[in-house]
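Close look at the chain arrangement
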Amino acid sequence: EDGRIHLCIACRNAEKSEGTRDLILATHPTAQVSTVEVDLGNLASVLRAARELRCRFQRLDFVYLNAGIMPNPHVNFKALWHGLLTGRVLHMLTTAEGIMTQTDRLNGDGLQEVFATNLFGHFVLVRQLECLLCGNEKPSRLIWTSSSNARESAFSLSDYQHAKGQESYSSSKYATDLTSVVLNRKFNEQGLYSSVVCPGLVMSNMTYRILPVFLWKLLMPIMWLIRFFAKTYTLTPYNGAEAHVWLFKQKPEYLDALVKYHSCTSGLGKSYVEPRKIDVDEETAEKFYQKLLELEKQALERYSDLLD
């Protein structure tokens, strides 16, 4: 809708990104849309994509950091039943606190797969694109997809890749919140601002893997009813993107760096954005950021041929 905007779709599946590009051009034939292939869970792929983006563009105004995985998710029905008996079930259903576990594994770079894909790959990408993000005439923006499932209790500085736990997704999203807080402290003066959003509970391929499809079909009418009490049940990707689009229109210097912007949908289907304070300790955030820098230095030693 705005001819000044060039949209670059970054995706690990080239066929899907090209298909998305074609869908956009079908409704907006004059739009500027390109694609780049990148797997955020593979450092070599991240470095190749960053190098390609540096060749293509002189600056980046917005980077939406949205890739995420949740391998082998399981529902803890015992915890869910306990929540029902103690009156905490609505809280648990809106945050997945205590009822979702995942089985993680190492990826080809020797990193925990969820940590690598959900956070570290994005972190390395941002670091590699600093020359396109900092020092521009207008501010540049990082917009991270976090989650209401981001919880301090699932995160540990001594095990920040979450190799020993069963809530790797929650840990990675809390780590995302920590990273965004520090990025603002270090880069706002250079014109780079970072924000975190929660899309709410969106029915996506990731969500559908939690339970068998037939169960989701039975549960969907109930979930639409729950939305009258749980505004973060956005359910559709369109509703879930509300906060992402809203942030696109805001002046970053007026935003609170310690706030997460939640996509919400009323029971009658009206979408809106609700800001909520992030529960992070800034000292922990700084220590974690230093650990990320140390890990980045170690991880990139094997990829000197992909570095400028």
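Starting from 1, residues in each chain are numbered consecutively following that chain's sequence as written. Local features in a predicted model are, by the rule used here, given only for residues with pLDDT of at least 70; side-chain atom pairs are given and counted only at 80 or more, and totals for whole chains, interfaces and linings are based on all residues. Hydrogens and waters are ignored; side-chain quantities use all the structure's heavy atoms.

For clarity, the threshold we go by: UniProt positions are given in the numbering used here, feature names are shortened, and annotations may be inferred rather than shown by experiment.
By the naming in an unreviewed UniProt entry, the chain is 3-keto-steroid reductase/17-beta-hydroxysteroid dehydrogenase 7, taken from Psophia crepitans. Reading the Sequence similarities (unreviewed entry) entry of the UniProt record for the chain gives the comment "Belongs to the short-chain dehydrogenases/reductases (SDR) family. ERG27 subfamily."

**Here we look at the pairing of strand 9 (residues 271–277)**
The two faces of a sheet get side chains in turn, since along a regular strand they alternate between them. So the rule is basically this: The pairing criterion for strands is at least two bridges between them, as found by DSSP. Comment: elements are numbered from the N terminus, with helices defined as DSSP H or I runs of at least four residues and strands as E runs of at least two.
Pairing of strand 8 (residues 259–265) with strand 9, which is carried by 7 bridges, proceeds in the antiparallel orientation. Within the sheet, the bridge partner assigned to T265 lies in strand 9 and is S271. Between strand 8 and strand 9, which follow one another and run antiparallel, lie 5 residues, and G269 among them has a positive phi close to 95 degrees.

**Brief notes about the pairing of strand 8**
Filter applied, for reference: Type-normalised accessible area, obtained with a 1.4 Å probe on protein chains alone, sets the label of each residue: buried when under 20%, exposed when over 50%, and partly exposed for intermediate values.
For strand 8, a buried count of 7 out of 7 residues is recorded, marking the element as mostly surrounded by other parts of the structure. Burial along strand 8 is two-sided: the residues V259, Y261, S263 and T265 and K260, H262 and C264 are all buried. Relative to strand 8, strand 7 (residues 192–198) runs parallel, the two sharing 3 bridges. The residue of strand 8 that forms the bridge with V196 is K260.

**Some remarks on helix 7 (residues 168–187)**
Put simply, the rule is: Take the number of residues in a helix, subtract one, and multiply by 1.5 Å to get its expected span.
Look at helix 7: 28 Å from first C-alpha to last across 20 residues, which is about the 28 Å you get at 1.5 Å a residue. With 18 of 20 residues buried, helix 7 is to be regarded as a mostly interior element.

**Observations concerning a nonpolar patch on the surface**
The line we're drawing: Residues form patches when they are more than 30% accessible in relative terms and have no salt bridge. Like charges link within 9 Å. Nonpolar side chains (Val, Leu, Ile, Met, Phe, Trp, Tyr) link within 5 Å. Surface accessibility in these figures is a Shrake-Rupley result with a 1.4 Å probe; residues are shielded only by whichever protein chains are displayed. A carboxyl oxygen of Asp or Glu within 4 Å of a side-chain nitrogen of Lys or Arg is what we treat as a salt bridge.
The grouping of I5, L7, Y64 and F248 at the surface amounts to a nonpolar patch, some 330 Å² of accessible area in total. Its place among the elements puts L7 in strand 1 (residues 6–11).

**A closer look at unusual backbone geometry**
Excluding glycine, most residues fall at negative phi; most peptide bonds, likewise, are trans. Residues other than glycine seldom take positive phi values, yet H162 does so here, at roughly 60 degrees. Here H162 is to be found in the loop between strand 6 (140–145) and helix 7. Here H162 falls in the buried class, since its relative accessible area comes to 8%. The phi dihedral of L235 is positive, around 70 degrees, even though this residue is not glycine.

**Digging into the packing of helix 2 (residues 43–56) against helix 5 (residues 113–128)**
To be explicit about the condition: Axes here refer to lines fitted to C-alpha atoms; in helices the fit is confined to the stretch in contact. Angles between the N-to-C directions go from 0 to 180 degrees. Geometric relationships in this document are graded by angle, where less than 35 degrees denotes roughly parallel, more than 145 denotes roughly antiparallel, 65 to 115 denotes roughly perpendicular, and other angles denote oblique. Crossings are sorted by hand: turned counterclockwise from the far helix by less than a right angle, the near helix makes the crossing left-handed, and turned clockwise it makes it right-handed. Contacts: residue pairs with any heavy atoms within 4.5 Å of one another. Gly counts as polar in this scheme, as do all residues outside two lists: the nonpolar Ala, Val, Leu, Ile, Met, Phe, Trp, Tyr, Cys and Pro, and the charged Asp, Glu, Lys and Arg.
In the contact formed by helix 2 and helix 5, the axes pass within 9 Å of each other and the chain directions differ by 30 degrees. The angle between the axes of helix 2 and helix 5 places the two elements in the roughly parallel class. The handedness of the crossing between helix 2 and helix 5 comes out as right-handed. On helix 5, the residues touching L43, V46, L47, A50 and R54 of helix 2 are F120, G121, V124, L125 and Q128. Broken down by class, the residue content of the contact of helix 2 with helix 5 amounts to 7 nonpolar, 2 polar and 1 charged.

**Quick notes on the packing of aromatic side chains**
Applicable threshold: By convention, a stacked pair of Phe, Tyr or Trp rings (six-membered ring in the case of Trp) has centres within 6.5 Å and planes under 30 degrees apart, an edge-to-face pair has planes over 60 apart, and any other such pair is tilted.
Tallied over the full model, the rule gives 10 aromatic pairs. Relative to Y289, the ring of F123 has its centre 5.7 Å away and its plane inclined at 85 degrees; by these criteria the two rings are edge-to-face. Separated by 166 residues along the polypeptide, F123 in helix 5 and Y289 in helix 12 (residues 282–300) bring together distant segments of the chain. By the ring-pair criterion, three or more aromatic residues cluster together here, those being F115, F120, F123, F155, Y160, Y174, F288 and Y289.

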